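# Structural overview
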Amino acid sequence: MLNGKKRYIAMAIIGVELLSLPAAAQIVHRAVFEIKPRVVAVEIPTDEAGLSRFLVTSNDGFGVDAIDLIGVINIEVRKSGSLSDVSRFGEAAQLPGKASLCAESYSALGSPIYAATRKTAMEPGEVVDQAVIFEFRYDASAAPTFVFKPGTEGALPPKNCNLNIG
């Protein structure tokens, strides 16, 4: 037990601590934490020539480049659906950019084909709930590689086209 002066000193210390809580909360509230942009893309295997699918999730905007592809590419982005009869995706997702577009890939070394301006997550949830599906359709004789680049600084706008692949 604390007696006399020790009790008052202990109460004063506790009082100062309690009074400093709102100030500490303001500091934490106003502190800017830098979160590194991330994008994760997992290819979904398909047997169809000229089609590539990716399950994609990000915490910021991102860009997509096509490598080893010269020509037209149609891009479709689905924000929700099912991967199989039991596995759903996108319940807490949003479209990161346009839902569909036609872009031209003009260099085998890499061309920007899609620029996402925001993250895929719209609400809190599991990673697959915050994911979207990208479908790329291109010439069946091509074998391109798709590179998903985090952040919007390096995401160049794609060269749009008016052609559709049949």
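Just so it is clear, the structure is predicted and the values come from calculations on it, not from any experiment.

### Some remarks on the environment of Phe89
One can find Phe89 in strand β6 (residues 88–89). In this structure the C-alpha to C-alpha distance between Phe89 and Glu126, which are 37 residues apart in sequence, comes to 9.4 Å. The residues contacting Phe89, other than those within four sequence positions of it, are Leu55, Arg78, Lys79, Ser80, Gly81, Ser82, Leu83, Val128, Ala131, Val132 and Ile133.

### A short note on the sheet that holds strand β3 (residues 62–67)
What holds strands together in a sheet is hydrogen bonding between their backbones, with the strands either parallel or antiparallel. Strand order in the open sheet formed by three strands is β8-β3-β10, with antiparallel pairing between adjacent strands. Bordering the open sheet on either side are β8 (111–116) and β10 (145–150), each of which pairs with just one other strand. Across the sheet, the mean angle separating the axes of adjacent strands is 25° when strand polarity is ignored. As judged from the five bridges shared by β3 and β8, these two strands associate in the antiparallel manner. Considered in β8, the bridge of Ala66 is made with Ser111.

### A short note on the pattern of salt bridges
Per the counting criterion, the structure on display carries five salt bridges. Taking the shortest distance from any N to any O, the salt bridge between Arg88 and Glu91 comes out at 2.9 Å.

### Examining the nonpolar core
Among the nonpolar cores identified, the biggest contains 22 residues, and Ile73, Ile75, Ile113, Phe134, Phe136, Phe146 and Phe148 are the most heavily contacted of them. Of all the elements in the fold, those that place two or more residues in this core are β2 (51–58), β3, β4 (69–78), β7 (100–107), β8, β9 (132–137) and β10. Element by element, the count of residues in this core is highest for β4, at four residues.

### A word on the pairing of β2
In terms of burial, β2 is a largely internal element, seven of the eight residues being buried. Pairing geometry for β2 and β9, over six bridges, is antiparallel. The residue of β9 that forms the bridge with Arg53 is Glu135.

### Describing the packing of aromatic side chains
A full pass over the atoms with the stated rule returns eleven aromatic pairs. Relative to Phe136, the ring of Phe54 has its centre 5.9 Å away and its plane inclined at 65°; by these criteria the two rings are edge-to-face. In this pair, Phe54 sits in strand β2 while Phe136 sits in strand β9, placing the two residues 82 residues apart along the sequence. The exposure classification of Phe54 matches that of Phe136, with both residues buried. Aromatic rings pair up to connect Phe54, Phe62, Tyr114, Phe134, Phe136, Tyr138, Phe146 and Phe148 into one cluster.

### Focus on the environment of Ser87
If you trace the backbone, Ser87 turns up in the loop between β5 (81–82) and β6. With a relative accessible area of 27%, Ser87 lands in the partly exposed category. Along the backbone, Ser87 and Val128 are 41 residues apart, and their C-alpha atoms lie at a distance of 9.1 Å.

### A closer look at the environment of Pro37
When you line up the elements, Pro37 lands in the loop between α1 (4–30) and β1 (39–44). The class of Pro37 is partly exposed, set by a relative accessible area of 26%. Between the C-alpha atom of Pro37 and that of Gly61, which follows or precedes it by 24 residues, the distance is 7.7 Å. The residues touching Pro37, leaving out its near neighbours within four places in the chain, are Asn59, Asp60, Pro150 and Gly151.

Scoring rules and cut-offs
Residues numbered from 1 in each chain as written. Predicted model: local features only at pLDDT ≥ 70, side-chain atom pairs only at ≥ 80, totals over all residues. Heavy atoms only, no water. Helix = DSSP H or I, 4+ residues; strand = E, 2+ residues; numbered from the N terminus. Contact = heavy atoms within 4.5 Å. Pairing = 2+ DSSP bridges. Axes fitted to C-alpha atoms, helices over the stretch in contact; angles between N-to-C directions. Salt bridge = Lys/Arg side-chain N within 4 Å of Asp/Glu carboxyl O. Core = buried A, V, L, I, M, F, W, Y, C linked by side-chain atoms within 4.5 Å. Buried < 20%, exposed > 50% of the residue type's maximum accessible area, 1.4 Å probe, protein only. Phe/Tyr/Trp six-rings, centres within 6.5 Å; stacked < 30°, edge-to-face > 60°.

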